[in-house]
Amino acid sequence: MVKNEIIDLRSDTVTLPTEEMLEAINQAKLGDDVFREDPTVNQLEEMAAKKLGKQSALLVTSGTQANLISLMSNTNHGEQVILEAQSHIYWYEVGGVSSIAGLLPKTVKSKKGAPNPEDIQTAISPKDIHFPKSSLICIENTHNRHGGTVITPQQIQNISKIAKSNNLKLYMDGARIFNAAVALEVDVKQLTQHVDNLMFCLSKSLSCPIGSIIIGSNKFISKARKLRKILGGGMRQAGIIAAPGIVALEKMIYRLKDDHNNAKYLAKQLSKIKGITINQKCIQTNIVMFNIKNFNITNERFISELEKANIFALILDKDMVRMVTHRGIEKEHIEKTINAIANISK
Ligand SMILES: *Cc1c(COP(=O)(O)O)cnc(C)c1O
């Protein structure tokens, strides 16, 4: 290991493409994807739809664009969307849900990311002239702000029953859906079968440089394709983005288990450091969140002390630090991180 190697635990988005991905980009057959003539994009979309058990798929620029397009494709302007209170759509997507999709968010609290079906039922507007029409329920799996927690197939099915009986659509922000599938040891289709549509990110723990994919019925995806165009996301020789995506779906999923094991190990070692509070049971995938309130230094100081050791982490909220494991983070990096934190506390 290089002595001054950077250990970047801020996010799994920092992963760089593998050699094989770069080679795939080099070899990719290309065409104009707005004309549906890029064979590599077509291949990736077909592959993704099949793997996730739906009719059709659409490659888009980012997770934020995928969510925005999906919100718009599932609803009409002025309707109400039910979101989990800590959801990425509500917190981190610049309010596009309202400013662009024209939706009124109604938030529902949860303990670890999966709202109770009864709470969702309560959030749905009654049919009354005063209320906006509720038309969509969104869930997030794994759940980012809850610390990478998973929602099980049974929980999704229970929420889908509420959606169906009230004639609402159910959408899943599955940015890290493969982390959920690997953690639960289920086929990803078990997580997708009870939602109408979903998205996942290629650009996070799957190591691709760019891109997310929306998955759903033929009808939903053709509407989404048009919305992607209006939002400026129609790309031309997008095969250079799709090529590493194919490598990711073929080869990058199984290794997520290593990231999860490293996250659990990190959490266990953190729990031994005086002043750090962490609930090890919440470490279900590759995200580790912990509280430094009893450490008696400011957030800024904690982060800058780590930076001196070339270790990067994120402050999530007051006193809450987030570290994410990913390809390139090995056990020795975790050890080094733990030592650096233990040294701050001295
Ligand atoms: C990262 C993330 C997104 C957005 O993806 P970007 O590619 O960063 O726009 C959406 N939802 C969740 C749960 C995420 O973690």
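Residues numbered from 1 in each chain as written. Predicted model: local features only at pLDDT ≥ 70, side-chain atom pairs only at ≥ 80, totals over all residues. Heavy atoms only, no water.

**Student:** Honestly, the packing of aromatic side chains in this entry has me stumped. Any pointers?
**Tutor:** Any two aromatic rings considered together are summarised by their centre-to-centre distance and by the angle between their planes. Per the stated rule, a full pass over the model turns up four aromatic pairs. Residues Trp91 and Tyr92 carry aromatic rings whose centres are separated by 6.1 Å and whose planes lie at 50° to one another, so their mutual orientation is tilted. A relative accessible area of 38% places Trp91 in the partly exposed class. Both rings, one in Phe290 and one in Phe302, keep their centres 6.2 Å apart while their planes meet at 70°; by these two values the pair is edge-to-face. Here Phe290, found in strand E9 (residues 287-291), pairs with Phe302, found in helix H13 (residues 299-308); they are 12 residues apart in sequence, far enough to count as distant. Among the aromatic residues, those joined into a ring-pair cluster are Phe290, Phe295 and Phe302. The cationic tip of Arg145 hangs over the ring face of Trp91; the distance from NZ or CZ to the ring centre is 3.4 Å. The ring of Tyr265 is capped by Lys331, whose NZ or CZ atom sits 4.4 Å from the centre of that ring. (Phe/Tyr/Trp six-rings, centres within 6.5 Å; stacked < 30°, edge-to-face > 60°. Buried < 20%, exposed > 50% of the residue type's maximum accessible area, 1.4 Å probe, protein only. Helix = DSSP H or I, 4+ residues; strand = E, 2+ residues; numbered from the N terminus. Lys NZ or Arg CZ within 6 Å of the ring centre and 35° of its normal.)

**Student:** Mind showing me how you'd approach the sheet that holds strand E2 (residues 56-60) here?
**Tutor:** Across a sheet, paired strands are connected by hydrogen bonds in the backbone, their directions being either parallel or antiparallel. As summarised here, the arrangement of the seven strands in space is E2-E8-E7-E6-E5-E3-E4, forming an open sheet in which the pairing is mixed. Looking at strand neighbours, the two that pair on one side only are E2 and strand E4 (104-108), the edges of this open sheet. Each strand axis lies, on average, 20° off the axis of its neighbour in the sheet, ignoring direction. The sheet contacts of helix H10 (residues 218-230) involve E2, strand E7 (197-201) and strand E8 (212-216), and relative to E2 the element is tilted by about 20°. (Pairing = 2+ DSSP bridges. Axes fitted to C-alpha atoms, helices over the stretch in contact; angles between N-to-C directions. Contact = heavy atoms within 4.5 Å.)

**Student:** I would appreciate a short explanation of the sheet that holds strand E12 (residues 320-324) in the present structure.
**Tutor:** Pairing within the open sheet is antiparallel, and its three strands lie in the order E9-E12-E11. Strands with a single pairing partner mark the edges of an open sheet, and in this sheet they are E9 and strand E11 (314-317). Across this sheet, the average inter-strand angle for adjacent strands is 35°, counted without regard to direction. Relative to the sheet, helix H12 (residues 256-270) contacts E9 and E12, its axis offset from that of E9 by approximately 15°.

**Student:** I keep staring at the site of the ligand and nothing clicks. Help me out?
**Tutor:** What surrounds the ligand is a group of 14 residues, the closest being Gly63, Thr64, Asp173, Arg176 and Lys204. Between the ligand and Gly63 there is a distance of 2.8 Å, counted from an oxygen atom to a backbone nitrogen or oxygen. Here an oxygen atom of the ligand sits 3.0 Å away from a polar atom, N or O, in the side chain of Asn144. Calculation on the ligand without its partners gives an accessible area of 380 Å², and the protein chains cover 85% of this total. Mapped by element, the contributors of at least two residues to the shell around the ligand are helix H3 (63-74) and E7. At three residues, H3 tops the list of elements feeding residues into the shell around the ligand. Of the residues in the shell around the ligand, the class split is three nonpolar, six polar and five charged. (Near = heavy atom within 4 Å. Polar contact = N/O pair within 3.5 Å; in protein donor to acceptor, adjacent residues only side chain to side chain. Areas by Shrake-Rupley, 256 points an atom, 1.4 Å probe, with all protein chains shown as cover. Nonpolar A, V, L, I, M, F, W, Y, C, P; charged D, E, K, R; others polar.)

**Student:** Just to check I follow, could you spell out the nonpolar core for this structure?
**Tutor:** Within soluble globular proteins, side chains that are nonpolar generally end up buried alongside one another. Judged by nonpolar contacts, the single largest core of 54 residues is most densely connected at Leu59, Ile177, Phe178, Phe200, Leu202, Leu206 and Ile213. Discounting residues that sit within four places of it in the chain, Leu202 has contacts with Leu44, Leu59, Ser207, Cys208, Ile210, Gly211, Ser212, Ile213, Gly245 and Ala248. With 29 residues, the next largest nonpolar core counts Ala263, Ala267, Leu306 and Ile338 among its residues. (Core = buried A, V, L, I, M, F, W, Y, C linked by side-chain atoms within 4.5 Å.)

**Student:** What is the right way to read the pairing of strand E5 (residues 134-140) from this model?
**Tutor:** Taken residue by residue, a regular strand's side chains alternate between the two faces of the sheet. For E5, the buried fraction is high: seven of the seven residues fall into the buried class. Alignment of strand E3 (residues 80-84) against E5, held across three bridges, turns out to be parallel. Among the inter-strand pairings, Gln80 is bridged to a residue of E5, identified as Ser134. Bridging between E5 and strand E6 (residues 169-173) involves five bridges; their strand directions are parallel. Note on E6: the bridge partner recorded for Ile137 is Leu170. Chirality of the crossover, the property in question, places the unit of E5, helix H7 (residues 153-165) and E6 among those that are right-handed. (Right-handed = clockwise from strand over helix to strand, strands pointing away.)

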